[in-house]
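Analysis of the macromolecular model
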Amino acid sequence: MAKAIRIYNTLSRTIEPFTPLHENRVGMYVCGPTVYNYLHLGNCRTFSSFDIVFRYLIYAGYQVRYVRNITDAGHLEGDRDEGDDKFAKRAKLEKLEPMEIVQKYTQYFHDVMQAFNCLPPSIEPTATGHIIEQIEMTKLLLEKGWAYEVDGTIYFDVEKYSKENNYGILSNRNLNDLLDGTRELSGQDEKQGRLDFALWIKAKPEHLMQWPSPWGNGFPGWHIECSAMSQKYLGNEFDIHGGGMDLIATHHTNEIAQNCACNGVSPARVWMHTNMLTVNGVRMSKSAGNGFLPNELFSGSHPLLEKGYSPMSVRFFMLQSHYRSTLDFSNEALQAAEKGYARLMNAIKLIDNLKTEGDNASYIQSLTDKCEAAMNEDFNTPIAISHLFEGVTFINNVNDGREKISASDKIALKKLFHDFVFDILGLKMESEQGNDKLDGLMQILLAQRADAKARKDFAASDLLRDQLLALGITIKDGKEGATYNL
RNA sequence: GGUCCUGUGGCCGAGUGGUUAGGCAGAGCUCUGCAAAAGCUCGUACAGCGGUUCGACCCCGCUCGGGACCUCCA
């Protein structure tokens, strides 16, 4: 059932049934961050989306090898194979070694991924760790005639490639359109074609990150690293390649060209692309200056925010939209998500204490089927969540005695919520339900308050409640006695 | 200019040719000493104009609006 997964493929622009190359195994490559600066929330959305894909494929019973790279070299400011190296520029700015920059922002990236409860990938290769592989691939492309050298720099010959291949296959553009959108070569350009891009770039003597190669000292172009690393760990052909939509036109297009030219086959069968996060309708990006840093969001220190939001509220917020839709960021939307997430978690806490009776099964199974059906259809998390909220209503009804649940359904209900909310959506309980001592203390206070209420000393009971509330502890009087929430 | 996406109720966001998305907010009610929590009920939603159809928010065309990519960005 869960294996009837269908995925939107950018190559075909349709939703297709997903069949892995090798039965029961899935190879997935996702373009990771360039660690020259703090990653912002838009980046987090992409990685959270693929975290869901990873988790659901595991749930569906696949053995998944998930490769997500770290770009720690070779990324120039402009993609015209000129301009500053991003790491070198940042290193100068912060007065650090380039590898200190890499270390710092890689660490930040990992911390944020952990905060968002994203599972670590199976392999997280770095560009600097695979210089040899990139040189080898560049050599092969030269040998096969798809690339040429100009004074220590190697370019990929796009126009030659286009004669036998569809260069714009992913972006759905033809070569002439692409050429129209590109500036004329100036007299200073070394490359032969306007669309040609560098595989290997000759380093100036002062360049901080450089490696020896058959063409002299240099560093790899941006696109070759993903081709070389995906091939190394997933083979010439693998199942899924993912990234943000902004990578389609250039990075992924060039990646396909490199792999096809080198191996004669397109690397990935399915290309998945996540849409952008927007702020007031405009794409969040570093250059637009509207990029939220994750910890600005958590603490609420960003000027556009009224308050801070917990990582799980934000994750839940993101999951309430489909990964291929743009998602707009606002205080109101965030607050709505925060409350919705709290409601979901509160219902889950109730499951264990539900009283069972009767034997009216099957409802939970149908709910499970609906959740799976939603996820099977291109990982439609918002629909899955809407079904989970049906379950929330059911749980609350059972808890209030308006509905009954059988013992077997209760087990199924618990499994459903644990599978979907925790394992697949990757949410987790944030509010620590305290330790034993705290709980014991609370029970004493609740007993005192119950006692005051029994004496109709409401002034005393309300005072206790207000004082606890001031500490962030909410008291709820139920039929079975009072409970508390931290 | 080229390529493409998009316009859903107060807000965020799914979806479908003919039966409810869902969350948040709002109103009323139930429960309660009061709250909180929970539940129930409610609200002229599908940019505009045409067309196809027995029937369209969902298909087609046009108009208007918003956005992305074609420079680096997930």
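Rules used in this analysis
Residues numbered from 1 in each chain as written. Chains lettered and ligands numbered in written order. Predicted model: local features only at pLDDT ≥ 70, side-chain atom pairs only at ≥ 80, totals over all residues. Heavy atoms only, no water. Near = heavy atom within 4 Å. Polar contact = N/O pair within 3.5 Å; in protein donor to acceptor, adjacent residues only side chain to side chain. Helix = DSSP H or I, 4+ residues; strand = E, 2+ residues; numbered from the N terminus. Nonpolar A, V, L, I, M, F, W, Y, C, P; charged D, E, K, R; others polar. Domains from an automatic or database assignment. Pairing = 2+ DSSP bridges. Axes fitted to C-alpha atoms, helices over the stretch in contact; angles between N-to-C directions. Contact = heavy atoms within 4.5 Å. Core = buried A, V, L, I, M, F, W, Y, C linked by side-chain atoms within 4.5 Å. Buried < 20%, exposed > 50% of the residue type's maximum accessible area, 1.4 Å probe, protein only.

**A short note on the protein's contact with RNA strand B**
Lys86, Trp222, Gly244, Leu247 and Arg283 are the nearest of the 60 residues found near RNA strand B. Backbone atoms, meaning sugar and phosphate, form 69% of the atoms of RNA strand B found within 4 Å of the protein. The contact in question runs from a sugar or linking oxygen of RNA strand B to an N or O atom on the side chain of lysine 86, over 2.3 Å. Here a sugar or linking oxygen of RNA strand B sits 2.8 Å away from a polar atom, N or O, in the side chain of arginine 402. If one sorts the elements of the surface near RNA strand B by residue count, helix 13 (residues 381-399) sits on top with seven residues. Looking at the surface near RNA strand B residue by residue, the class counts come to 15 nonpolar, 27 polar and 18 charged.

**Examining the domain arrangement of chain A**
Interface extent is often summarised as the accessible area lost during association of the parts. Its domain assignment divides chain A into domain 1 (11-274), domain 2 (278-424) and domain 3 (436-485). The C-alpha-based centres of domain 1 and domain 3 are spaced at 57 Å.

**Some thoughts on the sheet that holds strand 6 (residues 153-156)**
Strands sit in the order 5-6-7-8 across an open sheet of four strands; the sheet is antiparallel. What marks the edges here is a single partner per strand, and that holds for strand 5 (147-150) and strand 8 (218-220). Strand-to-strand twist of the sheet, defined as the mean angle between neighbouring strand axes without regard to direction, takes the value 20°. Here three bridges tie strand 6 to strand 7 (residues 197-202), and the two strands are oriented antiparallel to one another. Each residue of the ladder has a partner; that of isoleucine 154, found in strand 7, is tryptophan 200. The sheet contacts of helix 4 (residues 131-143) involve strand 5, strand 6, strand 7 and strand 8, and relative to strand 7 the element is tilted by about 120°.

**Regarding the nonpolar core**
If you look at the biggest cluster of nonpolar residues, it comprises 89 residues, and the most contacted ones within it are Leu41, Leu344, Phe417 and Leu427. For this core, the element with the most residues is helix 1 (residues 41-59), which contributes nine residues. When residues of this core are sorted by domain, at least three fall in each of domain 1 (11-274) and domain 2 (278-424). Residues within four places of leucine 344 in sequence aside, it is in contact with Phe316, Leu388, Phe389, Val392, Phe417, Val421 and Leu427. In this structure, Phe156, Leu178, Leu199 and Cys262 belong to the second largest nonpolar core, which totals 39 residues.

**Concerning the side chain of arginine 68**
Within the element layout of this structure, arginine 68 appears in strand 4 (residues 63-68). For arginine 68, a relative accessible area of 2% gives the class buried. Within the local environment of arginine 68, its side chain forms a polar contact with the side chain of glutamate 124, the two groups lying 3.3 Å apart. Among residues more than four places away in sequence, those in contact with arginine 68 are Val30, Gly32, Phe47, Phe109, Met113, Pro121, Ile123, Glu124 and Pro125.

**Some remarks on the environment of serine 266**
Its location among the elements puts serine 266 in the loop between helix 8 (248-263) and strand 10 (268-274). Residue classification places serine 266 among the partly exposed residues on the basis of a relative accessible area of 28%. When sequence neighbours within four positions are dropped, the list of residues in contact with serine 266 reads Asn236, Glu237, Ile256 and Cys260.

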